[in-house]
Amino acid sequence: MLLEAVAQLGSGATARDISSLSGIPPATAYRLLNLLVADGFLVRVSDLSGFALGRRTRELAGEVGAPAAEDFSTAHAVVEQLRARVRFGIFVASYADDRVRLVDRDPDHELAGESVIRTHLHASAIGKLLLSHRPGLEPRGPLRPLTGRTIVEPDTLAAELSRIRESGIAHEVDEIRVGRSALAVPLRDSRMTVIGCIAAIGRTGRVNSDDEELAGLLRTYAERIVAEIMA
Amino acid sequence: MSALSDAISRSFSAGEPERPAVSPLRALGRRRLSGIEVLAQSVATTAPAASMVVLPMTVLRYATPLTGVLTILGATILIFLIAVCVTRFTRRQAAAGGLYSFVFQGLGTRAALTTGVAILAKYVGSATLTLYSGTAALSAVLGELGIDVTGHAATVAVHAAVAAVALAVLVRGARFAALALLAVEAGSLLFIVALTLLPPAGPAPPAPTGAPHGLLYVALAAVFALAGFESATFFGPEAKRPLVTITRTVLLTPLICGGLFVFAAWAAWTGRATTLVEAYLHGTASGASAPLVIALNLGLTCSWLASATASSHAASRLVYSMGVERLLPPFLTAVHRRFRTPYAALLCIMLLVTVASALSTAVPVADTLRTVVRAMVVAAYVLVAVASIRFLRRIREQTPGAVGWALVASLAGTALLAYLLVARVVDADVGAPAVIVALLSAGAVWHRHLRRRRPGDLTRVGAFDCAESADVLPGAGVFAPDAHGNPVLVAGRAPPRRRPPQREAPPHDPDAA
């Protein structure tokens, strides 16, 4: 209701206006607005007097927008089997609409900075895998370094994306967060289109980019997940 | 289709801005510290373990036990009210300048500079005092162990060693530093609490000396012991979910530490603290066993040095913030590439604190410094309480409760500050009040100087971790250049306060026709 009020009032809506438009008492509205800002659904404008919609409101898109192309929830049981076998966080992402959407989050591994994966595709295994199969998405303008190891040279990124296309596996070592590494393998539908990925995310040193056993396990489960989704 | 789903579906077709808005503080490691690490920073700054020994000493010296407990309780309530005022800001912004940046949002540049000077004096001053006390306690430990470190050269060597360790910890990273501080503080706290819980033994508590303004000094000591609860606010840009974790820390720290201090005052009342205080004041001569004296001094050393480290840590972020705003030389904004810590600011603060502490072993200025630092704390708290009222009015989010409590807190703080100044003058000590007045007017003088020489720099004041393009739903925010041409998110309808004046069509001039 508060988000709807902000959307109606536009950028810079003040707390008082939002409160009166939504009919929520001021003290309650101010507290709720602060919580929505803390969680990134709203942002405050530069003089702090008003609000605008935050990028995280997009996460609500599944509820108000068009349904996702594939239903990944049918594969949840298979994903849980994999989680029981490895110590890393196992995440499934959908690439519907050419963007990253985590459709199965590991309940035991909190993934900090989830929105950064969506906004900085060049910095994560999940994002690079998407970029490597959607040539039109490659970021224009300078690549922002998130850590010292983020790939910021366009040429280096292009080489990395072609390597991912050839090997069918994407690595990430300290690129989006220091101390975090990941492996991601694509989920391909019957026409070999990449519709998403399954990723193992863990601490650098535990998840190794040359861990063939883990890569093989991910590939096996990627096939099983696709089989479940397509069934 | 609702306006919200409309905005969301529109966002997928909206392009990213050519020049994205970025936070001025993004060079620091953003979103790294967890809630417990932020709490560690705040608790370590207040040094509860050391205060649990020093505060009963002050109570025993200046007041009767009952008034002592009540005064400490009152001071805790006052500080909690201030903390509530601080949360008005921490719920709405994350700034590396802490109270300084908050006061700007409410009272403008001049008051912000006054607060900045006061807070810097407070943090550097209390880091100096705690480093001084910490190295003295460390020297006592070494002395008990048979290592003589009483000479000038030895004192300097101990200082240098302590400062080097603290600096290394702080540069290594805010997270690492917070965990180290937490471990040290928790250890010494457990130890002191355990000692206080021992049944009363030894001599009866000495009767208060009845010094004039005893209650004032107990109240100030309690306020000062609790001061530093706000040190987490300097780490807002580096914390995860800062608007939640920092707010929680600011509210929790005074409650935790206030509770411990009331407990310590009760211990003084029942005579349980006597052993501790005597052992602290007179060492083994008081009849305490040597291991107890060593352990006590070790606990105090840890608590004080952790506090000195945490205070320097907070001061470095303030100096960094002022560097970003170009009020201080820009070299202070240098950030370590790997650890993402402002090493230049840390180095400067640490050097200043170490030299000041080493000098104060030669010149007895600790009493004056203590009075000045306490006055600075109270002054900064009054300013932030007043600023919270003005801030809420400005953004039109004031509620009667918020304004009322802020008013009570600022009046109580002002009364305390005025009483302190009067009491010092009555006691024929004009040195400390002179320094206090000079420091409080320094901000205004600085403001005047900047307005004449570099008026452009004043518009940079108040830098905080503002919304970046990447945080805003594409197409849902309006970005406009600020006074320095950097894009910032602004209100779409009303022109923002800090936008450069737009050139308007010249008014119709009848003479020109």
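Residues numbered from 1 in each chain as written. Chains lettered and ligands numbered in written order. Predicted model: local features only at pLDDT ≥ 70, side-chain atom pairs only at ≥ 80, totals over all residues. Heavy atoms only, no water.

In the nomenclature of an unreviewed UniProt entry, chain B is known as APC family permease of Pseudonocardia xinjiangensis. Entered under Subcellular location (unreviewed entry) in the UniProt record, the comment concerning chain B runs "Membrane". (UniProt positions renumbered as here; feature names shortened; annotations may be inferred.)

What is the right way to read the overall build of chain B from this model?
Of the regular secondary structure elements, chain B holds 17 helices and two strands. Its C-alpha radius of gyration of 25 Å places chain B within 12% of the 24 Å reference for a compact globule of 513 residues. Over its C-alpha atoms, taken along the principal directions, chain B stretches across nearly 95 × 50 × 50 Å. Of all 513 residues assigned to chain B, the portion counted as buried reaches 54%. For chain B, the proportion of contacts with a sequence separation of at least 24, taken over those separated by at least 6, is 83%. (Helix = DSSP H or I, 4+ residues; strand = E, 2+ residues; numbered from the N terminus. Rg over C-alpha atoms; globule rule 2.2 N^0.38 Å. Buried < 20%, exposed > 50% of the residue type's maximum accessible area, 1.4 Å probe, protein only. Contact = heavy atoms within 4.5 Å.)

What exactly am I supposed to notice about the domain arrangement of chain A here?
Each assigned domain of chain A is listed with its residue range as follows: domain 1 (2-62) and domain 2 (69-230). Centre-to-centre, using C-alpha coordinates, domain 1 of chain A lies 32 Å away from domain 2 of chain A. (Domains from an automatic or database assignment.)

What is the right way to read the sheet that holds strand β3 (residues 50-53) of chain A from this model?
Strand pairing within a sheet occurs via backbone hydrogen bonds; the two strands may be parallel or antiparallel. Residues and elements named next belong to chain A. Read from one edge of the open sheet, three strands run β1-β3-β2, paired in antiparallel fashion. At either end of the open sheet lies a strand with only one pairing partner, and these are β1 (13-14) and β2 (42-44). One ladder, built from two bridges, connects β1 with β3; its direction is antiparallel. Across the sheet, residue T14 finds its bridge partner in β3, namely G50. Of the strands in this sheet, β2 and β3 are in contact with helix α3 (residues 26-38), which crosses β2 at around 100°. (Pairing = 2+ DSSP bridges. Axes fitted to C-alpha atoms, helices over the stretch in contact; angles between N-to-C directions.)

Help me understand the side chain of Q105 of chain B in this model?
Inspection of the secondary structure assignment puts Q105 of chain B in helix α5 (residues 99-107). The residues touching Q105 of chain B, leaving out its near neighbours within four places in the chain, are D47 and L48 of chain A together with F89, Q93, F391, R394, G462 and F464 of chain B.

What exactly am I supposed to notice about the side chain of T301 of chain B here?
Residue and element names in this part refer to chain B. Looking at the element boundaries, T301 is found in helix α12 (residues 290-324). For T301, a relative accessible area of 4% translates into the label buried. For T301, the contacting residues outside a window of four places in its chain are G134, A137, L138 and V141.

Just to check I follow, could you spell out the interface of chain A and chain B for this structure?
One frequent convention defines the size of an interface as the accessible area lost when the parts assemble. Residue-level contacts link 42 residues of chain A with 49 residues of chain B. Of the roughly 3,800 Å² buried where chain A meets chain B, counting both sides, 56% is carbon and sulfur surface. Taken together, the connections running from chain A to chain B amount to three salt bridges. R44 of chain A is the partner of E397 of chain B in a salt bridge, and the nearest nitrogen-oxygen pair spans 3.2 Å. Across the chain A-chain B interface, the total number found is 13 residue pairs in polar contact (both at pLDDT 80 or more). When residues of the side of chain A that touches chain B are traced back to their parent elements, those giving at least two are α1 (2-9), β1, α2 (15-22), α3, β2, β3 and α4 (61-64) of chain A. (Buried area = accessible area lost by both parts, 1.4 Å probe. Salt bridge = Lys/Arg side-chain N within 4 Å of Asp/Glu carboxyl O. Polar contact = N/O pair within 3.5 Å; in protein donor to acceptor, adjacent residues only side chain to side chain.)

What's the story with the packing of helix α7 (residues 152-172) of chain B against helix α8 (residues 174-197) of chain B in this structure? I'm lost.
A pair of packed helices can be characterised by two numbers: the angle between their axes and the separation between those axes. Residues and elements named next belong to chain B. In contact at an axis separation of 5 Å, α7 and α8 are set at 130° when each is read in the N-to-C sense. Judged on the interaxial angle alone, α8 and α7 are oblique. For the pair α7 and α8, contact is made by V169, L170 and R172 and by F176, A177 and A180, respectively. Class assignment of the residues belonging to the contact of α7 with α8 gives a composition of five nonpolar, no polar and one charged. (Parallel < 35°, antiparallel > 145°, perpendicular 65-115°, else oblique. Nonpolar A, V, L, I, M, F, W, Y, C, P; charged D, E, K, R; others polar.)

What is the right way to look at helix α3 (residues 48-62) of chain B in this model?
Residues lying three or four places apart along an α-helix face the same way, a consequence of the helix completing one turn every 3.6 residues. All names here are of chain B. The terminal C-alpha atoms of α3 lie 20 Å apart, and with 15 residues this matches the ideal 21 Å at 1.5 Å per residue to within 8%. The buried fraction of α3 is high, at twelve of 15 residues. Taken as a whole, α3 has its buried residues at P48, A49, A50, S51, M52, V53, L55, P56, M57, T58, V59 and L60. (Expected span 1.5 Å × (residues − 1).)

Could you clarify how one ought to interpret the pattern of salt bridges in this entry?
If charged atoms from side chains of opposite charge come close, those side chains can pair. Residues and elements named next belong to chain B. Counting across every chain of the model gives 17 salt bridges over all chains. R175 is the salt-bridge partner of E37, the closest N and O atoms lying 3.1 Å from each other. Taken together, the residues E37 in helix α2 (residues 35-46) and R175 in helix α8 connect sequence positions 138 residues apart. By relative accessible area, E37 is classed as buried at 3%.

I tried to follow a positive patch on the surface on my own but got confused; where do I start?
Residue and element names in this part refer to chain B. Residues R110, R448, R451, R452 and R453 make up a contiguous surface patch of positive charge. Ranked by residue count, the leading element in the positive patch is helix α16 (residues 431-453), at four residues. Within the secondary structure layout, R448 lies in helix α16. On the basis of relative accessible area, R448 is assigned to the partly exposed category, the value being 46%. (Patch = residues over 30% accessible without salt bridge, like charges linked within 9 Å, V, L, I, M, F, W, Y side chains within 5 Å. Areas by Shrake-Rupley, 256 points an atom, 1.4 Å probe, with all protein chains shown as cover. Lys, Arg positive; Asp, Glu negative; His and termini not counted. Charge placed at Lys NZ, Arg CZ, Asp CG, Glu CD.)

Just checking my understanding: could you explain the packing of α12 of chain B against helix α13 (residues 343-360) of chain B for this structure?
Residues and elements named next belong to chain B. For the pair α12 and α13, the least separation of the axes is 8 Å and the interaxial angle reads 125°. Overall, the two elements α12 and α13 adopt an arrangement that is oblique. The handedness of the crossing between α12 and α13 is right-handed. Residues S312, H313, A315, S316, V319 and Y320 of α12 touch α13, and the partners they reach there are A345, L346, I349, M350 and V353. Of the residues belonging to the contact of α12 with α13, the class tally is eight nonpolar, three polar and no charged. (Left-handed = near helix turned anticlockwise from the far one by under 90°.)

Hey, could you run me through the sheet that holds strand β4 (residues 89-94) of chain A in this one?
Residues and elements named next belong to chain A. Strand order in the open sheet formed by five strands is β5-β4-β8-β7-β6, and the pairing between neighbours is antiparallel. The sheet is open, and its two borders are formed by β5 (101-104) and β6 (170-173), each paired with just one other strand. Each strand of the sheet is rotated relative to its neighbour by a mean of 30°, with strand direction disregarded. Note that β6 and strand β7 (residues 180-188) share four bridges and pair antiparallel. Its bridge partner lying in β7, V173 is registered against S181. Sheet strands in contact with helix α9 (residues 212-230) are β4, β7 and β8 (194-203), and its direction is about 40° off that of β7.

Teacher, can you tell me more about a nonpolar patch on the surface here?
Residues and elements named next belong to chain B. On the surface, a cluster of nonpolar side chains totalling about 590 Å² of accessible area is made up of L66, L70, L73, I77, W266 and W269. Elements represented by at least two residues in the nonpolar patch include exactly α4 (65-90) and α10 (242-270). It is α4 that contributes the most residues to the nonpolar patch, four residues altogether. Tracing the chain through its elements places I77 in helix α4.

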